[in-house]
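Inside the fold
Single-letter residue listing:
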Amino acid sequence: MAKNFNLKLILRLLGILLLLESVFILSSALVSVIYGDDDWTCFAISSLVCVIFGVSGVLAGKNAPQEIGKREGTIIVSFIWIVFSLFGLLPFWLSGTIPNYTDAFFETMSGFTTTGASVLNDIESLSHGMLYWRSLTQWIGGLGIIVISLAILPLFGISGNQLFAAESTGPTKDRIHPKISETAKRLFIIYVGLTVAEIVLLRIAGMEWFDAICHSYTTIATGGFSTKQASIAYFNSPLIEYIIMGFMILSGINFSLFYFLGKGNFKKLRENEELKYYLMVIAGFAIIISLSLIDYSKITTFSEIEKAFRDGLFQVSSIITTTGFATVDYMFWKPLTWIILLMIMIVGASAGSTGGGIKMIRIILVFKHCYYEFKRLIHPNAVVPVKYNQHIVSLNIMSRVLAFVVTYIILILFGALILSLSGMGFMESLSGFISSISCVGPGLGELGPAGNYANIPTFSKWFLSLFMLVGRLELFTVLLLFTPVFWKK
(Lines give C-alpha, C1' and ligand atoms only; values in the text may rest on other atoms or scores of the structure.)
Protein backbone atom coordinates (compact mmCIF):
# COMPACT_ATOMS: atom_id res chain seq x y z
CA MET A 1 0.00 0.00 0.00
CA ALA A 2 1.20 3.47 -0.82
CA LYS A 3 3.13 5.48 1.72
CA ASN A 4 1.18 8.31 3.42
CA PHE A 5 -2.05 6.50 2.61
CA ASN A 6 -4.64 8.01 4.99
CA LEU A 7 -6.27 4.78 6.23
CA LYS A 8 -7.36 6.36 9.52
CA LEU A 9 -9.44 9.00 7.77
CA ILE A 10 -11.08 6.37 5.56
CA LEU A 11 -12.07 4.33 8.63
CA ARG A 12 -13.37 7.43 10.37
CA LEU A 13 -15.53 8.51 7.44
CA LEU A 14 -16.89 5.01 6.89
CA GLY A 15 -17.71 4.91 10.60
CA ILE A 16 -19.55 8.23 10.44
CA LEU A 17 -21.57 7.08 7.43
CA LEU A 18 -22.39 3.76 9.13
CA LEU A 19 -23.83 5.70 12.06
CA LEU A 20 -25.96 7.57 9.52
CA GLU A 21 -27.15 4.24 8.09
CA SER A 22 -28.09 3.05 11.58
CA VAL A 23 -30.51 5.98 11.86
CA PHE A 24 -32.14 5.10 8.54
CA ILE A 25 -32.52 1.45 9.59
CA LEU A 26 -34.01 2.52 12.91
CA SER A 27 -36.64 4.58 11.07
CA SER A 28 -37.76 1.36 9.35
CA ALA A 29 -38.08 -0.28 12.78
CA LEU A 30 -40.43 2.55 13.72
CA VAL A 31 -42.56 1.81 10.64
CA SER A 32 -42.74 -1.86 11.71
CA VAL A 33 -43.88 -0.82 15.19
CA ILE A 34 -46.53 1.53 13.77
CA TYR A 35 -48.00 -1.22 11.59
CA GLY A 36 -47.70 -3.90 14.28
CA ASP A 37 -45.11 -6.02 12.46
CA ASP A 38 -43.08 -8.36 14.65
CA ASP A 39 -39.83 -7.94 12.71
CA TRP A 40 -38.96 -4.59 14.28
CA THR A 41 -36.36 -6.41 16.39
CA CYS A 42 -34.46 -7.35 13.22
CA PHE A 43 -34.18 -3.66 12.35
CA ALA A 44 -33.14 -2.82 15.92
CA ILE A 45 -30.40 -5.49 15.90
CA SER A 46 -29.20 -4.37 12.45
CA SER A 47 -29.09 -0.74 13.60
CA LEU A 48 -27.12 -1.76 16.72
CA VAL A 49 -24.59 -3.66 14.57
CA CYS A 50 -24.15 -0.50 12.44
CA VAL A 51 -23.61 1.58 15.58
CA ILE A 52 -20.98 -0.84 16.95
CA PHE A 53 -18.99 -0.91 13.71
CA GLY A 54 -19.58 2.80 13.13
CA VAL A 55 -18.24 3.80 16.54
CA SER A 56 -15.29 1.42 16.05
CA GLY A 57 -14.48 3.13 12.76
CA VAL A 58 -14.69 6.60 14.30
CA LEU A 59 -12.43 5.57 17.21
CA ALA A 60 -9.95 3.87 14.85
CA GLY A 61 -9.74 7.08 12.84
CA LYS A 62 -9.26 9.34 15.85
CA ASN A 63 -6.77 12.18 15.26
CA ALA A 64 -6.56 11.34 11.54
CA PRO A 65 -5.41 14.16 9.20
CA GLN A 66 -8.56 15.87 7.86
CA GLU A 67 -7.48 16.41 4.25
CA ILE A 68 -9.01 14.00 1.72
CA GLY A 69 -6.84 13.23 -1.31
CA LYS A 70 -8.00 11.82 -4.63
CA ARG A 71 -7.18 8.25 -3.63
CA GLU A 72 -8.95 8.50 -0.29
CA GLY A 73 -11.98 10.09 -1.97
CA THR A 74 -12.15 7.33 -4.58
CA ILE A 75 -11.84 4.55 -1.99
CA ILE A 76 -14.43 6.05 0.36
CA VAL A 77 -16.96 6.65 -2.42
CA SER A 78 -16.50 3.13 -3.81
CA PHE A 79 -16.48 1.25 -0.53
CA ILE A 80 -19.35 3.06 1.17
CA TRP A 81 -21.83 1.50 -1.29
CA ILE A 82 -20.44 -1.95 -0.51
CA VAL A 83 -20.41 -1.28 3.24
CA PHE A 84 -23.95 0.12 3.19
CA SER A 85 -25.12 -2.96 1.27
CA LEU A 86 -23.34 -5.42 3.58
CA PHE A 87 -25.01 -3.88 6.62
CA GLY A 88 -28.23 -2.90 4.84
CA LEU A 89 -28.99 -6.52 3.91
CA LEU A 90 -29.15 -7.54 7.62
CA PRO A 91 -32.88 -6.78 8.12
CA PHE A 92 -33.80 -8.90 5.05
CA TRP A 93 -31.49 -11.73 6.06
CA LEU A 94 -32.10 -11.81 9.83
CA SER A 95 -35.89 -11.72 9.41
CA GLY A 96 -35.87 -14.50 6.82
CA THR A 97 -37.51 -12.20 4.29
CA ILE A 98 -34.62 -13.05 1.95
CA PRO A 99 -32.97 -16.07 3.61
CA ASN A 100 -30.28 -16.52 0.95
CA TYR A 101 -27.28 -14.24 1.66
CA THR A 102 -26.44 -13.74 -2.03
CA ASP A 103 -30.02 -12.76 -2.81
CA ALA A 104 -30.12 -10.39 0.18
CA PHE A 105 -26.91 -8.68 -0.98
CA PHE A 106 -28.14 -8.47 -4.58
CA GLU A 107 -31.47 -6.90 -3.51
CA THR A 108 -29.75 -4.40 -1.21
CA MET A 109 -27.04 -3.41 -3.70
CA SER A 110 -29.79 -3.05 -6.31
CA GLY A 111 -31.55 -0.74 -3.88
CA PHE A 112 -28.64 1.51 -2.94
CA THR A 113 -27.46 1.81 -6.55
CA THR A 114 -31.09 2.54 -7.57
CA THR A 115 -30.99 -0.29 -10.10
CA GLY A 116 -34.30 -1.85 -9.10
CA ALA A 117 -33.46 -5.40 -10.18
CA SER A 118 -35.22 -7.75 -7.76
CA VAL A 119 -35.12 -11.41 -6.72
CA LEU A 120 -38.50 -11.28 -4.92
CA ASN A 121 -41.41 -13.34 -6.26
CA ASP A 122 -44.05 -12.15 -3.78
CA ILE A 123 -43.38 -8.55 -2.84
CA GLU A 124 -46.76 -8.06 -1.18
CA SER A 125 -45.88 -10.72 1.43
CA LEU A 126 -43.22 -8.42 2.90
CA SER A 127 -43.98 -6.50 6.08
CA HIS A 128 -44.49 -2.74 5.99
CA GLY A 129 -41.10 -2.23 7.62
CA MET A 130 -39.32 -4.33 5.01
CA LEU A 131 -41.14 -2.63 2.13
CA TYR A 132 -40.27 0.76 3.62
CA TRP A 133 -36.59 -0.17 4.08
CA ARG A 134 -36.47 -1.52 0.53
CA SER A 135 -37.77 1.79 -0.83
CA LEU A 136 -35.62 3.85 1.54
CA THR A 137 -32.41 2.19 0.28
CA GLN A 138 -33.19 3.63 -3.15
CA TRP A 139 -34.02 7.07 -1.81
CA ILE A 140 -30.73 7.11 0.15
CA GLY A 141 -28.76 6.01 -2.91
CA GLY A 142 -30.65 8.19 -5.39
CA LEU A 143 -29.08 11.55 -4.79
CA GLY A 144 -25.96 9.75 -3.67
CA ILE A 145 -24.97 8.63 -0.21
CA ILE A 146 -21.97 10.92 -0.47
CA VAL A 147 -23.95 13.98 -1.60
CA ILE A 148 -26.34 13.53 1.34
CA SER A 149 -23.46 13.13 3.78
CA LEU A 150 -21.50 16.11 2.39
CA ALA A 151 -23.92 18.37 4.22
CA ILE A 152 -22.84 16.88 7.59
CA LEU A 153 -19.10 16.30 7.03
CA PRO A 154 -18.17 19.94 7.83
CA LEU A 155 -19.51 19.28 11.35
CA PHE A 156 -16.56 16.91 11.75
CA GLY A 157 -14.11 19.39 10.21
CA ILE A 158 -13.79 17.41 6.99
CA SER A 159 -13.76 18.87 3.47
CA GLY A 160 -15.68 16.93 0.85
CA ASN A 161 -14.18 18.23 -2.41
CA GLN A 162 -12.68 14.91 -3.47
CA LEU A 163 -15.82 13.01 -2.47
CA PHE A 164 -17.95 15.30 -4.63
CA ALA A 165 -15.55 14.91 -7.56
CA ALA A 166 -15.58 11.12 -7.28
CA GLU A 167 -19.34 10.70 -6.80
CA SER A 168 -20.94 13.35 -9.04
CA THR A 169 -21.98 12.30 -12.54
CA GLY A 170 -21.20 13.66 -15.97
CA PRO A 171 -18.14 15.17 -17.68
CA THR A 172 -18.69 18.48 -15.88
CA LYS A 173 -19.33 19.10 -12.17
CA ASP A 174 -22.23 21.46 -11.53
CA ARG A 175 -21.69 23.59 -8.48
CA ILE A 176 -24.49 25.94 -7.54
CA HIS A 177 -22.47 27.36 -4.65
CA PRO A 178 -18.71 27.87 -4.15
CA LYS A 179 -18.81 25.62 -1.06
CA ILE A 180 -19.32 21.90 -1.66
CA SER A 181 -21.37 21.50 1.53
CA GLU A 182 -23.71 24.32 0.47
CA THR A 183 -24.10 22.76 -2.99
CA ALA A 184 -24.99 19.45 -1.33
CA LYS A 185 -27.55 21.13 0.95
CA ARG A 186 -29.30 22.87 -1.94
CA LEU A 187 -29.42 19.67 -3.99
CA PHE A 188 -30.78 17.82 -0.97
CA ILE A 189 -33.52 20.43 -0.45
CA ILE A 190 -34.57 20.06 -4.11
CA TYR A 191 -34.53 16.26 -3.68
CA VAL A 192 -36.73 16.38 -0.59
CA GLY A 193 -39.04 18.97 -2.18
CA LEU A 194 -39.70 16.80 -5.23
CA THR A 195 -40.30 13.77 -2.98
CA VAL A 196 -42.83 15.57 -0.79
CA ALA A 197 -44.64 17.02 -3.83
CA GLU A 198 -45.05 13.56 -5.35
CA ILE A 199 -46.24 12.03 -2.07
CA VAL A 200 -49.00 14.63 -1.81
CA LEU A 201 -50.10 14.25 -5.44
CA LEU A 202 -50.14 10.44 -5.29
CA ARG A 203 -52.24 10.58 -2.12
CA ILE A 204 -54.69 12.94 -3.81
CA ALA A 205 -54.80 10.54 -6.78
CA GLY A 206 -55.96 7.72 -4.51
CA MET A 207 -52.84 5.95 -3.22
CA GLU A 208 -52.63 5.09 0.46
CA TRP A 209 -50.10 7.17 2.39
CA PHE A 210 -47.70 4.23 2.78
CA ASP A 211 -47.68 3.36 -0.93
CA ALA A 212 -47.44 7.05 -1.86
CA ILE A 213 -44.35 7.52 0.33
CA CYS A 214 -42.60 4.35 -0.89
CA HIS A 215 -43.30 5.03 -4.57
CA SER A 216 -42.22 8.66 -4.24
CA TYR A 217 -38.93 7.53 -2.68
CA THR A 218 -38.24 5.20 -5.59
CA THR A 219 -39.51 7.54 -8.32
CA ILE A 220 -37.41 10.56 -7.36
CA ALA A 221 -34.42 8.24 -6.88
CA THR A 222 -35.20 6.70 -10.32
CA GLY A 223 -34.97 3.33 -8.59
CA GLY A 224 -38.18 1.51 -9.49
CA PHE A 225 -38.81 -0.66 -6.43
CA SER A 226 -42.57 -0.97 -5.88
CA THR A 227 -44.65 -2.21 -2.97
CA LYS A 228 -46.59 -4.35 -5.47
CA GLN A 229 -45.48 -7.34 -7.54
CA ALA A 230 -47.25 -5.91 -10.61
CA SER A 231 -45.49 -2.54 -10.12
CA ILE A 232 -47.56 0.51 -11.14
CA ALA A 233 -49.94 -1.67 -13.18
CA TYR A 234 -51.42 -2.83 -9.84
CA PHE A 235 -53.14 0.52 -9.26
CA ASN A 236 -54.84 0.58 -12.69
CA SER A 237 -55.08 4.36 -12.55
CA PRO A 238 -54.23 6.66 -15.49
CA LEU A 239 -53.89 9.62 -13.09
CA ILE A 240 -51.35 7.80 -10.92
CA GLU A 241 -49.44 6.76 -14.03
CA TYR A 242 -49.29 10.35 -15.35
CA ILE A 243 -48.13 11.67 -11.96
CA ILE A 244 -45.35 9.09 -11.67
CA MET A 245 -44.47 9.62 -15.33
CA GLY A 246 -44.08 13.36 -14.74
CA PHE A 247 -41.84 12.91 -11.72
CA MET A 248 -39.71 10.29 -13.48
CA ILE A 249 -39.04 12.80 -16.26
CA LEU A 250 -38.30 15.55 -13.72
CA SER A 251 -35.91 13.26 -11.84
CA GLY A 252 -33.99 12.63 -15.06
CA ILE A 253 -33.19 16.35 -15.38
CA ASN A 254 -29.98 17.88 -14.01
CA PHE A 255 -30.93 18.92 -10.45
CA SER A 256 -28.95 22.14 -10.69
CA LEU A 257 -31.50 23.38 -13.26
CA PHE A 258 -34.23 23.25 -10.59
CA TYR A 259 -32.10 25.56 -8.48
CA PHE A 260 -31.70 28.04 -11.34
CA LEU A 261 -35.44 27.76 -12.07
CA GLY A 262 -36.18 28.63 -8.44
CA LYS A 263 -33.89 31.66 -8.80
CA GLY A 264 -35.85 32.77 -11.87
CA ASN A 265 -32.90 32.14 -14.18
CA PHE A 266 -34.94 30.81 -17.14
CA LYS A 267 -32.04 31.49 -19.51
CA LYS A 268 -30.16 28.51 -18.05
CA LEU A 269 -33.06 26.24 -19.00
CA ARG A 270 -33.53 27.70 -22.49
CA GLU A 271 -29.84 27.38 -23.34
CA ASN A 272 -29.35 23.89 -21.89
CA GLU A 273 -28.82 21.54 -24.84
CA GLU A 274 -28.96 18.41 -22.71
CA LEU A 275 -32.46 19.26 -21.44
CA LYS A 276 -33.67 19.98 -24.97
CA TYR A 277 -32.38 16.72 -26.44
CA TYR A 278 -33.48 14.73 -23.39
CA LEU A 279 -37.10 15.86 -23.85
CA MET A 280 -36.90 15.42 -27.63
CA VAL A 281 -35.67 11.82 -27.32
CA ILE A 282 -38.44 10.98 -24.84
CA ALA A 283 -41.12 12.50 -27.07
CA GLY A 284 -39.75 10.97 -30.28
CA PHE A 285 -39.40 7.39 -29.05
CA ALA A 286 -42.68 7.58 -27.10
CA ILE A 287 -44.50 8.50 -30.33
CA ILE A 288 -42.81 5.67 -32.28
CA ILE A 289 -43.68 3.07 -29.64
CA SER A 290 -47.22 4.42 -29.19
CA LEU A 291 -47.88 4.19 -32.94
CA SER A 292 -46.61 0.60 -32.94
CA LEU A 293 -49.11 -0.33 -30.21
CA ILE A 294 -52.22 0.81 -32.10
CA ASP A 295 -54.19 -1.88 -33.94
CA TYR A 296 -54.84 -0.34 -37.34
CA SER A 297 -56.94 -3.29 -38.54
CA LYS A 298 -59.98 -2.04 -36.70
CA ILE A 299 -61.63 1.24 -35.77
CA THR A 300 -59.74 2.55 -32.78
CA THR A 301 -61.46 4.57 -30.08
CA PHE A 302 -59.93 7.61 -28.41
CA SER A 303 -59.50 5.66 -25.16
CA GLU A 304 -57.45 3.00 -26.99
CA ILE A 305 -55.27 5.67 -28.61
CA GLU A 306 -54.80 7.37 -25.24
CA LYS A 307 -53.88 4.02 -23.63
CA ALA A 308 -51.30 3.31 -26.36
CA PHE A 309 -49.85 6.82 -25.93
CA ARG A 310 -49.78 6.49 -22.13
CA ASP A 311 -48.14 3.05 -22.21
CA GLY A 312 -45.54 4.18 -24.74
CA LEU A 313 -44.69 7.41 -22.93
CA PHE A 314 -44.63 5.74 -19.51
CA GLN A 315 -42.28 2.96 -20.57
CA VAL A 316 -39.92 5.28 -22.46
CA SER A 317 -39.84 7.67 -19.47
CA SER A 318 -39.27 4.76 -17.09
CA ILE A 319 -36.41 3.24 -19.08
CA ILE A 320 -34.55 6.39 -20.19
CA THR A 321 -34.58 7.74 -16.63
CA THR A 322 -33.47 4.23 -15.53
CA THR A 323 -36.37 4.02 -13.05
CA GLY A 324 -37.73 0.67 -14.22
CA PHE A 325 -41.40 0.94 -13.24
CA ALA A 326 -43.86 -0.91 -15.48
CA THR A 327 -47.53 -0.57 -16.36
CA VAL A 328 -47.51 -3.34 -18.99
CA ASP A 329 -45.35 -6.30 -19.96
CA TYR A 330 -43.46 -4.91 -22.94
CA MET A 331 -42.29 -8.43 -23.88
CA PHE A 332 -45.68 -8.73 -25.65
CA TRP A 333 -44.83 -5.68 -27.78
CA LYS A 334 -43.12 -5.76 -31.18
CA PRO A 335 -39.35 -6.50 -31.27
CA LEU A 336 -38.80 -2.95 -32.59
CA THR A 337 -39.79 -1.61 -29.17
CA TRP A 338 -37.27 -3.90 -27.43
CA ILE A 339 -34.45 -2.44 -29.52
CA ILE A 340 -35.59 1.10 -28.69
CA LEU A 341 -35.76 0.28 -24.98
CA LEU A 342 -32.26 -1.24 -25.03
CA MET A 343 -30.93 1.85 -26.81
CA ILE A 344 -32.36 4.28 -24.28
CA MET A 345 -31.20 2.06 -21.39
CA ILE A 346 -27.68 2.73 -22.60
CA VAL A 347 -28.26 6.45 -23.24
CA GLY A 348 -29.82 7.17 -19.84
CA ALA A 349 -30.91 10.50 -18.40
CA SER A 350 -29.12 13.81 -17.76
CA ALA A 351 -25.85 14.33 -15.94
CA GLY A 352 -26.46 15.65 -12.45
CA SER A 353 -29.72 13.70 -12.15
CA THR A 354 -30.49 10.53 -10.20
CA GLY A 355 -30.63 8.52 -13.46
CA GLY A 356 -27.98 6.14 -14.79
CA GLY A 357 -26.69 5.23 -18.25
CA ILE A 358 -24.00 6.94 -20.32
CA LYS A 359 -25.87 10.25 -19.84
CA MET A 360 -27.39 12.45 -22.53
CA ILE A 361 -24.62 15.06 -22.42
CA ARG A 362 -21.99 12.49 -23.44
CA ILE A 363 -24.16 11.22 -26.31
CA ILE A 364 -24.61 14.80 -27.55
CA LEU A 365 -20.86 15.49 -27.41
CA VAL A 366 -20.00 12.24 -29.23
CA PHE A 367 -22.48 12.98 -32.03
CA LYS A 368 -21.15 16.52 -32.36
CA HIS A 369 -17.58 15.27 -32.42
CA CYS A 370 -18.42 12.77 -35.19
CA TYR A 371 -20.28 15.44 -37.19
CA TYR A 372 -17.39 17.91 -36.93
CA GLU A 373 -14.94 15.16 -37.87
CA PHE A 374 -16.76 14.83 -41.20
CA LYS A 375 -16.40 18.59 -41.64
CA ARG A 376 -12.67 18.38 -40.93
CA LEU A 377 -12.30 15.67 -43.59
CA ILE A 378 -13.82 18.01 -46.16
CA HIS A 379 -11.96 21.09 -44.88
CA PRO A 380 -8.67 19.79 -43.38
CA ASN A 381 -7.36 23.24 -42.47
CA ALA A 382 -10.55 24.41 -40.79
CA VAL A 383 -10.66 24.79 -37.00
CA VAL A 384 -14.03 23.39 -35.94
CA PRO A 385 -14.22 23.06 -32.15
CA VAL A 386 -17.05 21.16 -30.44
CA LYS A 387 -19.38 23.52 -28.62
CA TYR A 388 -21.85 22.73 -25.85
CA ASN A 389 -24.24 25.35 -24.47
CA GLN A 390 -22.37 27.87 -26.65
CA HIS A 391 -19.07 27.12 -24.91
CA ILE A 392 -16.08 25.40 -26.52
CA VAL A 393 -15.48 21.92 -25.12
CA SER A 394 -11.81 21.38 -24.33
CA LEU A 395 -9.93 18.51 -25.95
CA ASN A 396 -9.28 17.11 -22.47
CA ILE A 397 -13.00 16.82 -21.70
CA MET A 398 -13.75 15.47 -25.18
CA SER A 399 -11.05 12.81 -24.72
CA ARG A 400 -12.56 11.73 -21.38
CA VAL A 401 -16.04 11.55 -22.91
CA LEU A 402 -14.88 9.37 -25.80
CA ALA A 403 -12.91 7.14 -23.42
CA PHE A 404 -15.98 6.77 -21.20
CA VAL A 405 -18.32 5.83 -24.06
CA VAL A 406 -15.84 3.35 -25.58
CA THR A 407 -15.22 1.77 -22.15
CA TYR A 408 -18.98 1.53 -21.57
CA ILE A 409 -19.55 -0.33 -24.86
CA ILE A 410 -16.57 -2.65 -24.27
CA LEU A 411 -17.87 -3.48 -20.79
CA ILE A 412 -21.32 -4.32 -22.23
CA LEU A 413 -19.76 -6.77 -24.68
CA PHE A 414 -17.51 -8.22 -21.98
CA GLY A 415 -20.33 -8.48 -19.44
CA ALA A 416 -22.77 -10.12 -21.85
CA LEU A 417 -20.08 -12.69 -22.74
CA ILE A 418 -19.36 -13.53 -19.08
CA LEU A 419 -23.08 -13.86 -18.25
CA SER A 420 -23.66 -16.14 -21.23
CA LEU A 421 -20.75 -18.32 -20.07
CA SER A 422 -22.39 -18.54 -16.64
CA GLY A 423 -25.46 -20.17 -18.20
CA MET A 424 -27.79 -17.26 -18.95
CA GLY A 425 -29.52 -16.95 -22.35
CA PHE A 426 -28.38 -14.43 -24.98
CA MET A 427 -31.31 -12.02 -24.51
CA GLU A 428 -31.04 -12.20 -20.72
CA SER A 429 -27.23 -11.85 -20.75
CA LEU A 430 -27.18 -8.76 -22.98
CA SER A 431 -30.19 -6.96 -21.54
CA GLY A 432 -29.40 -7.99 -17.95
CA PHE A 433 -25.90 -6.53 -18.11
CA ILE A 434 -27.04 -3.34 -19.86
CA SER A 435 -29.81 -2.98 -17.29
CA SER A 436 -27.40 -3.46 -14.39
CA ILE A 437 -24.56 -1.20 -15.54
CA SER A 438 -27.13 1.47 -16.50
CA CYS A 439 -28.99 0.93 -13.19
CA VAL A 440 -32.36 0.30 -14.89
CA GLY A 441 -33.71 -2.92 -13.34
CA PRO A 442 -35.86 -4.84 -15.83
CA GLY A 443 -34.34 -6.32 -18.96
CA LEU A 444 -35.69 -8.56 -21.71
CA GLY A 445 -36.89 -12.17 -21.79
CA GLU A 446 -37.07 -13.76 -18.35
CA LEU A 447 -35.71 -10.52 -16.87
CA GLY A 448 -38.58 -8.46 -18.33
CA PRO A 449 -41.20 -6.58 -16.28
CA ALA A 450 -43.14 -9.77 -15.51
CA GLY A 451 -39.99 -11.67 -14.46
CA ASN A 452 -37.06 -11.03 -12.13
CA TYR A 453 -33.49 -12.07 -11.32
CA ALA A 454 -34.34 -14.83 -8.82
CA ASN A 455 -33.38 -17.74 -11.06
CA ILE A 456 -30.12 -16.49 -12.56
CA PRO A 457 -26.92 -18.26 -11.39
CA THR A 458 -25.32 -17.24 -8.08
CA PHE A 459 -22.14 -16.11 -9.88
CA SER A 460 -24.23 -13.86 -12.15
CA LYS A 461 -25.84 -12.16 -9.13
CA TRP A 462 -22.45 -11.23 -7.63
CA PHE A 463 -21.12 -10.23 -11.05
CA LEU A 464 -24.12 -7.98 -11.76
CA SER A 465 -23.95 -6.53 -8.23
CA LEU A 466 -20.40 -5.39 -8.94
CA PHE A 467 -21.39 -3.72 -12.19
CA MET A 468 -24.42 -2.04 -10.61
CA LEU A 469 -21.82 -0.28 -8.47
CA VAL A 470 -19.51 0.38 -11.42
CA GLY A 471 -22.37 1.94 -13.40
CA ARG A 472 -23.67 3.95 -10.46
CA LEU A 473 -20.24 5.49 -9.86
CA GLU A 474 -19.55 6.31 -13.51
CA LEU A 475 -17.14 3.44 -14.32
CA PHE A 476 -13.75 5.02 -13.69
CA THR A 477 -14.24 5.66 -9.96
CA VAL A 478 -14.49 1.93 -9.28
CA LEU A 479 -12.32 0.64 -12.13
CA LEU A 480 -9.43 2.82 -10.90
CA LEU A 481 -9.20 0.57 -7.85
CA PHE A 482 -8.19 -2.34 -10.11
CA THR A 483 -5.21 -0.51 -11.64
CA PRO A 484 -1.72 -0.92 -10.08
CA VAL A 485 -0.88 2.75 -10.65
CA PHE A 486 -3.70 3.81 -8.28
CA TRP A 487 -2.00 2.13 -5.33
CA LYS A 488 1.47 3.52 -6.08
CA LYS A 489 2.73 6.64 -4.40
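Here, the structure is the one placed above.
Described in the following lines is the structure provided in the data block. Predicted model only: the values in this text are computed from it and were never measured. (Residues numbered from 1 in each chain as written. Predicted model: local features only at pLDDT ≥ 70, side-chain atom pairs only at ≥ 80, totals over all residues. Heavy atoms only, no water.)

Another point: the overall build of the protein. Within the protein one finds 22 helices and two strands. Its C-alpha radius of gyration of 22 Å places the protein within 12% of the 23 Å reference for a compact globule of 489 residues. Taken across its 489 residues, the protein has 58% of its residues classed as buried. Here the contacts in the protein between residues at least 6 apart in sequence split such that 73% fall between residues at least 24 apart. In the structure as shown, the protein presents an accessible area of about 20,600 Å², 68% of it carried by carbon and sulfur atoms. One way to put it: in the protein the 34 positive side-chain charges average out to a point 16 Å from where the 29 negative ones average out. (Helix = DSSP H or I, 4+ residues; strand = E, 2+ residues; numbered from the N terminus. Rg over C-alpha atoms; globule rule 2.2 N^0.38 Å. Buried < 20%, exposed > 50% of the residue type's maximum accessible area, 1.4 Å probe, protein only. Contact = heavy atoms within 4.5 Å. Areas by Shrake-Rupley, 256 points an atom, 1.4 Å probe, with all protein chains shown as cover. Lys, Arg positive; Asp, Glu negative; His and termini not counted. Charge placed at Lys NZ, Arg CZ, Asp CG, Glu CD.)

Next up on the list: a nonpolar patch on the surface. On the surface, Ile 45, Leu 86, Trp 93, Leu 94, Tyr 101 and Trp 462 cluster together to form a nonpolar patch covering roughly 530 Å² of accessible area. Of note, Ile 45 is situated in helix α2 (residues 40–60). (Patch = residues over 30% accessible without salt bridge, like charges linked within 9 Å, V, L, I, M, F, W, Y side chains within 5 Å. Salt bridge = Lys/Arg side-chain N within 4 Å of Asp/Glu carboxyl O.)

Let's shift gears to helix α1 (residues 7–34). Counted at 1.5 Å a residue, the expected span for α1 with its 28 residues is 40 Å, and the 41 Å between its end C-alpha atoms agrees. Looking one or two places after α1, you find Gly 36, whose phi comes out positive at around 75°. (Expected span 1.5 Å × (residues − 1).)

Along the polypeptide, Glu 198 turns up in helix α9 (residues 180–204). Among buried Asp, Glu, Lys and Arg side chains, Glu 198 stands out as unpaired, with Arg 203 the closest opposite charge at 14 Å.

Glancing now at helix α6 (residues 128–143). Counted at 1.5 Å a residue, the expected span for α6 with its 16 residues is 22 Å, and the 24 Å between its end C-alpha atoms agrees. Taking burial as the measure, the 16 residues of α6 include 15 buried ones, the bulk of the element.

Another aspect to go through is the environment of Leu 17. Mapped onto the fold, Leu 17 is located in helix α1. With relative accessibility at 3%, the residue Leu 17 sits in the buried group. Sequence separation of Leu 17 and Val 401 is 384 residues, and the distance between their C-alpha atoms is 31 Å.

Attention now moves to the packing of aromatic side chains. If you walk through the whole model with that rule in mind, you get 23 aromatic pairs. Centre to centre, the rings of Phe 84 and Phe 112 are 5.5 Å apart; their planes meet at 75°, and the pair counts as edge-to-face. With Phe 84 in helix α3 (residues 70–88) and Phe 112 in helix α5 (residues 101–112), this pair connects stretches of sequence that are 28 residues apart. Both residues of the pair, Phe 84 and Phe 112, count as buried. A network of ring pairs unites the aromatic residues Tyr 132, Trp 139, Phe 188, Tyr 191, Tyr 217, Phe 255 and Phe 258 as a single cluster. (Phe/Tyr/Trp six-rings, centres within 6.5 Å; stacked < 30°, edge-to-face > 60°.)

Now for the packing of helix α15 (residues 302–320) against helix α16 (residues 335–347). Relative to each other, α15 and α16 sit at 35°, their axes nearing to 8 Å. Where α15 approaches α16, its residues Gln 315, Val 316, Ile 319 and Ile 320 are matched on the opposing element by Leu 341, Ile 344 and Met 345. (Axes fitted to C-alpha atoms, helices over the stretch in contact; angles between N-to-C directions.)

Looking now at the packing of α1 against α2. Direction vectors running N to C along α1 and α2 enclose 165°, while the axes themselves pass 7 Å from each other. Between α1 and α2, the interaxial angle falls into the category roughly antiparallel. The handedness of the crossing between α1 and α2 comes out as left-handed. Its residues placed into classes, the contact of α1 with α2 shows 17 nonpolar, eight polar and three charged. (Parallel < 35°, antiparallel > 145°, perpendicular 65-115°, else oblique. Left-handed = near helix turned anticlockwise from the far one by under 90°. Nonpolar A, V, L, I, M, F, W, Y, C, P; charged D, E, K, R; others polar.)

Applying the stated criterion to the full structure yields 10 salt bridges. Residue Asp 103 is joined to Lys 461 by a salt bridge in which the shortest nitrogen-to-oxygen separation is 2.6 Å. On the criterion of sequence distance, the pair formed by Asp 103 in helix α5 and Lys 461 in helix α20 (residues 458–472) is long-range, its members being 358 residues apart. Since its relative accessible area comes to 15%, Asp 103 is described here as buried. One salt bridge connects Arg 134 with Glu 107, and the closest N-O pair in it is separated by 2.8 Å. Taken as a pair, Arg 134 in helix α6 and Glu 107 in helix α5 lie far apart in primary sequence, 27 residues in all. On the accessibility criterion, Glu 107 (1% relative accessible area) is buried.

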